Amino acid sequence: MVRLPYTTALTTLFSYGLLFAFGQLRDFFRQLIDWFKANDVKGYAPICLGLEDFYVRRLYMRIQDCFGRPIASAPDSWFDVVERYSNGSDKTLKLTSNTSRCLNLGSYNYLGFAAADEYCTPLVIESLKKYSSSTCSVRVDGGTTKLHTELEELVARFVGKPSSIIFGMGYATNSTIIPCLVGRGGLIISDSLNHNSIVNGARGSGATIRVFQHNSPAHLEEVLREQIAGGQPRTHRPWKKIVVIVEGIYSMEGELCKLPEIIAVCKKYKAYTYLDEAHSIGAVGQSGRGVCELLGVDPADVDIMMGTFTKSFGSCGGYIAASKEIIQHLKLSCPAHLYATSMSPPAVQQVISAIKVILGEDGSNRGAQKLVRIRENSNFFRSELTKMGFEVLGDNDSPIMPIMLYNPAKIPAFSRECLRQKVAIVTVAFPATPLLLARVRICISASHTREDLINALDVSAFVLCRIFFYSHTRKGILILIVPIFVIIHSGYQQSW
Amino acid sequence: MGRRGASYYVEAPPPVDVNKNTEWFMYPGVWTTYILLLFFAWLLVLSVSGCSPGTAWTVVNLSHFAITYHFFHWKKGTPFAADDQGIYNRLTWWEQIDNGQQLTRNRKFLTVVPVVLYLITSHLTDYKQPMLFFNTITVVVLVVAKLPNMHKVRIFGINADI
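Quick caveat: nothing in here was measured; it's all calculated off a predicted structure. (Residues numbered from 1 in each chain as written. Chains lettered and ligands numbered in written order. Predicted model: local features only at pLDDT ≥ 70, side-chain atom pairs only at ≥ 80, totals over all residues. Heavy atoms only, no water.)

1. Notes on the overall build of chain A
Right, so step 1: Per the secondary structure count, chain A includes 16 helices and 14 strands.
Right, so step 2: A compact globule built from 496 residues should have a C-alpha radius of gyration of about 23 Å, and chain A, at 25 Å, falls within 12% of that.
Right, so step 3: Principal-axis analysis of the C-alpha atoms gives chain A an extent of 85 × 60 × 55 Å.
Right, so step 4: Across the 496 residues in chain A, those meeting the buried criterion constitute 52%.
Right, so step 5: In chain A, the proportion of contacts linking residues at least 24 apart, taken out of those at least 6 apart, comes to 70%.
Right, so step 6: If you sum the accessible surface of chain A, you get close to 22,600 Å²; carbon and sulfur atoms cover 58% of it. (Helix = DSSP H or I, 4+ residues; strand = E, 2+ residues; numbered from the N terminus. Rg over C-alpha atoms; globule rule 2.2 N^0.38 Å. Buried < 20%, exposed > 50% of the residue type's maximum accessible area, 1.4 Å probe, protein only. Contact = heavy atoms within 4.5 Å. Areas by Shrake-Rupley, 256 points an atom, 1.4 Å probe, with all protein chains shown as cover.)

2. Comments concerning the packing of aromatic side chains
Right, so step 1: All chains considered together, the criterion is met by 21 aromatic pairs over all chains.
Right, so step 2: With centroids separated by 6.0 Å and ring planes inclined at 85°, the aromatic side chains of tyrosine 55 of chain A and phenylalanine 430 of chain A adopt a geometry described as edge-to-face. Of this pair, tyrosine 55 of chain A sits in helix 2 (residues 54-60) while phenylalanine 430 of chain A sits in the loop between strand 13 (426-428) and strand 14 (439-443), and the two are 375 residues apart along the sequence.
Right, so step 3: On the basis of relative accessibility, which here comes to 14%, the residue tyrosine 55 of chain A falls in the buried class.
Right, so step 4: An aromatic cluster of at least three residues, connected via ring pairs, comprises Phe158, Phe309, Phe313 and Tyr319 of chain A.
Right, so step 5: The ring of phenylalanine 380 of chain A has arginine 450 of chain A sitting right over it, with the charged end atom 4.0 Å from the ring centre.
Right, so step 6: Just above the ring of tryptophan 94 of chain B sits the side chain of lysine 146 of chain B; from NZ or CZ to the centre is 5.4 Å. (Phe/Tyr/Trp six-rings, centres within 6.5 Å; stacked < 30°, edge-to-face > 60°. Lys NZ or Arg CZ within 6 Å of the ring centre and 35° of its normal.)

3. A closer look at the UniProt feature "transmembrane region" (unreviewed entry) in chain B
All names here are of chain B.
Right, so step 1: UniProt records the feature "transmembrane region" (unreviewed entry) at residues 24-45, 109-125 and 131-148, using the numbering of this structure.
Right, so step 2: Counting secondary structure, residues 24-45 comes out at 73% helix and 0% strand; the distance between its end C-alpha atoms is 28 Å.
Right, so step 3: Across residues 109-125, helical content stands at 94% and strand content at 0%; the span's end C-alpha atoms are separated by 24 Å. (UniProt positions renumbered as here; feature names shortened; annotations may be inferred.)

4. Topic: unusual backbone geometry
Right, so step 1: Despite not being glycine, cysteine 136 of chain A shows a phi value in the positive range, around 55°.
Right, so step 2: As for its placement among the helices and strands, cysteine 136 of chain A is situated in the loop between helix 3 (120-131) and helix 4 (146-159).
Right, so step 3: If you check the backbone angles, leucine 103 of chain B has positive phi at about 60° while not being a glycine.
Right, so step 4: Tracing the chain through its elements places leucine 103 of chain B in the loop between helix 5 (93-96) and helix 6 (105-124).
Right, so step 5: Assessed through its relative accessible area of 55%, leucine 103 of chain B is described here as exposed.

5. With respect to the sheet that holds strand 4 (residues 163-167) of chain A
Residues and elements named next belong to chain A.
Right, so step 1: Read across the open sheet, the seven strands follow the order 4-10-9-8-7-5-6; overall the sheet is mixed. Taken across any chain shown, the strands that pair with only one partner, and hence form the sheet edges, are strand 4 and strand 6 (208-212). Looking at each pair of strands side by side, their axes are set apart by 20° on average, direction ignored.
Right, so step 2: Two elements, strand 5 (residues 187-191) and strand 7 (residues 242-247), share four bridges in a ladder whose sense is parallel. In the strand pairing of strand 7, leucine 187 is matched with isoleucine 242.
Right, so step 3: Here helix 7 (residues 217-230) sits on the sheet and contacts strand 5, strand 6 and strand 7; the angle it forms with strand 6, its principal contact strand, is near 150°. (Pairing = 2+ DSSP bridges. Axes fitted to C-alpha atoms, helices over the stretch in contact; angles between N-to-C directions.)

6. Some words on the pattern of salt bridges
All names here are of chain A.
Right, so step 1: Applying the stated criterion across every chain, the model contains 19 salt bridges over all chains.
Right, so step 2: Across the salt bridge formed by lysine 331 and glutamate 152, the nearest N and O atoms sit 3.3 Å from each other. Of the two residues, lysine 331 sits in helix 10 (residues 324-333) while glutamate 152 sits in helix 4, which places them 179 residues apart along the sequence. (Salt bridge = Lys/Arg side-chain N within 4 Å of Asp/Glu carboxyl O.)

7. Considering the nonpolar core
Residue and element names in this part refer to chain A.
Right, so step 1: Counting 59 residues, the largest nonpolar core has Leu151, Ile189, Leu220, Val246, Leu259, Phe309 and Phe313 as its most contacted members.
Right, so step 2: Here the element with the most residues in this core is helix 12 (residues 345-359); it accounts for eight residues.
Right, so step 3: Setting aside anything within four residues of it in sequence, one finds leucine 259 in contact with Val246, Leu275, Val291, Cys292, Leu295 and Val297.
Right, so step 4: In this structure, Val2, Phe54, Tyr55 and Leu59 belong to the second largest nonpolar core, which totals 40 residues. (Core = buried A, V, L, I, M, F, W, Y, C linked by side-chain atoms within 4.5 Å.)

8. A few points about the packing of helix 2 (residues 30-48) of chain B against helix 6 of chain B
All names here are of chain B.
Right, so step 1: Viewed as axis vectors pointing N to C, helix 2 and helix 6 meet at an angle of 15°, and their least axial separation amounts to 12 Å. When the axis of helix 2 is compared with that of helix 6, the two are roughly parallel. Judged by the sense of rotation from one axis to the other, the crossing of helix 2 with helix 6 is right-handed. For the pair formed by helix 2 and helix 6, the contact residues are Trp31, Tyr34, Ile35 and Leu38 on the first element and Arg105, Asn106, Phe109, Leu110, Val113 and Leu117 on the second.
Right, so step 2: For the contact of helix 2 with helix 6, the per-class residue count stands at eight nonpolar, one polar and one charged. (Parallel < 35°, antiparallel > 145°, perpendicular 65-115°, else oblique. Left-handed = near helix turned anticlockwise from the far one by under 90°. Nonpolar A, V, L, I, M, F, W, Y, C, P; charged D, E, K, R; others polar.)

9. A look at the pairing of strand 11 (residues 400-404) of chain A
All names here are of chain A.
Right, so step 1: Within strand 11, five of the five residues are buried, which leaves it mostly tucked inside the rest of the structure.
Right, so step 2: As paired elements, strand 11 and strand 14 share five bridges and run antiparallel to each other. Looking at strand 14, one finds that isoleucine 400 is bridged to cysteine 443.

10. Considering a nonpolar patch on the surface
Right, so step 1: A surface patch of nonpolar side chains, about 860 Å² in accessible area, is lined by Phe14, Leu18, Phe22, Leu25, Phe28, Phe29, Leu32 and Ile33 of chain A together with Leu37 of chain B.
Right, so step 2: Per-element accounting of the nonpolar patch gives the leading share, eight residues, to helix 1 (residues 6-34) of chain A.
Right, so step 3: Structurally, phenylalanine 22 of chain A is set in helix 1.
Right, so step 4: Owing to a relative accessible area of 45%, phenylalanine 22 of chain A belongs among the partly exposed residues under this scheme. (Patch = residues over 30% accessible without salt bridge, like charges linked within 9 Å, V, L, I, M, F, W, Y side chains within 5 Å.)

11. Observations regarding helix 12 of chain A
Note that an α-helix has 3.6 residues per turn; residues three or four places apart therefore point the same way.
Right, so step 1: Taking 1.5 Å per residue as the helical rise, helix 12 of chain A with its 15 residues ought to reach 21 Å, and the 21 Å between its terminal C-alpha atoms agrees with that figure.
Right, so step 2: Counting buried residues in helix 12 of chain A gives 13 out of 15 residues, a clear majority hidden from the surface. (Expected span 1.5 Å × (residues − 1).)

Have a look at this one:
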């Protein structure tokens, strides 16, 4: 359910309309001025047609300094952000050699493995010396080391499936695996808010794609019934297979998937399930095993479980965990396994050590402490923000909390003001989120201390006063009433 | 569409539209914003020039024609070519909304707006001649462009492909 104040919807649409109008005006004058310039690429087609790059040129470039900020240290709970300046109203940004130490609320550092860890880092350095930084080969040629096989067994054991396969890049995991699982004549039903990697993989597979309303098992059932009854488009033959793709925690909403109900619907209609646990593996659940543990779903009920090592394990890459037959098939057909360089050995060692810490197999209870800390931090921060009056999305226990901004002007205002106060946050707008629902996405980490969080809350309160000077509702009425007064008054004096 | 009022929240099921260019039109508040924009444009024209209300409505009607024709029925594709790989490059915005389904509530609303504008304008100008002619052309062109039979039709090849 999308929930927002009505006047906020009106003012946000008006703001976007204004930005759009100014962008079009600028484009129009640019075209006029460039009419008389000589064109030295005669005969070649233009790189961009008409409106194609309008959004990037006229909306994104204006607030470019809020995105892509370079950092100069490990993304721990505090890190160094490189300062940039611009001479030409944000069209180009130049790096300076100054950095400012900011509180990190943007990295996916859920369990605090992003910085040097007392157990993981020595082992990683040792593996760097022994196996070097790259295997310089593909998995099937010479790129499978002992570490790779150890990690695959460990991941399978951790997640609760018979076997697993790992890849060097999380995005590539989704976009290369899905075409291997479904092809022409198959049906992919994916949640409307799925990540771009899943969308790309689905488009590349050649299967028919249908989308169901976000997190709505009832709508999923409706779509399944309609599609099974109708069959393939035009021929109406039965579908070769149906795969339903959902995510564990949706990274833009911070909310958990309704996994038990969705699995029940899929079992009823004999559809396969694919669960993308990029943000939930290692971060939720009693022992960190993800959404299945948290919601009480048996991993055997989910056909394919996917995850990434980037978020909770402080490394890079992704994995797929499934039955032995599926993994064997993937090992023989997936291009990311057959042609892509294998995962870097120190990165593999980092994941192995991180999983051992989480499971407690390193001999200490730091893993359990981290899991408790991240849960406590998330719940504390979320409740404090809600008390302050912010509109925070997401379920309890979820380390991701989006704060709604709605209005496009608030995005750079919030971002820049927070940076001035030495808090680094990530803002997200259209097209990654729906047009009206721009937000700030805060990611809590187990390495944040209570003081860090209280500091962040103080800064948020300060920014609340500065930026959100009026609440949404009062500002909404002002925007509507003041111009009416002005115009009617001047209209009176002129002609009425 | 949701209750008006400052402190009332409006709830809507999130629309299932993968086309980012048209998805925003399915959220609450769009119809009201459109009507309010027209109303304020009229007030603006009225207060800036000293003309009669009817002439102001004519100006609003003609500029509404120019703007909506250009953006709904002339410009093709989306502002995010990289994201959607150019699937919609041959479709105008009107052909993209609601996933190409005809006669949805949004489409009916957008078809009615030029007609209502025409009625208001002709009434306030007392159906006098130069204005009536232009307003009639406006409403005929806009309504014909929005008919379901005109889906993907390019008359005489005008504005056909890239």
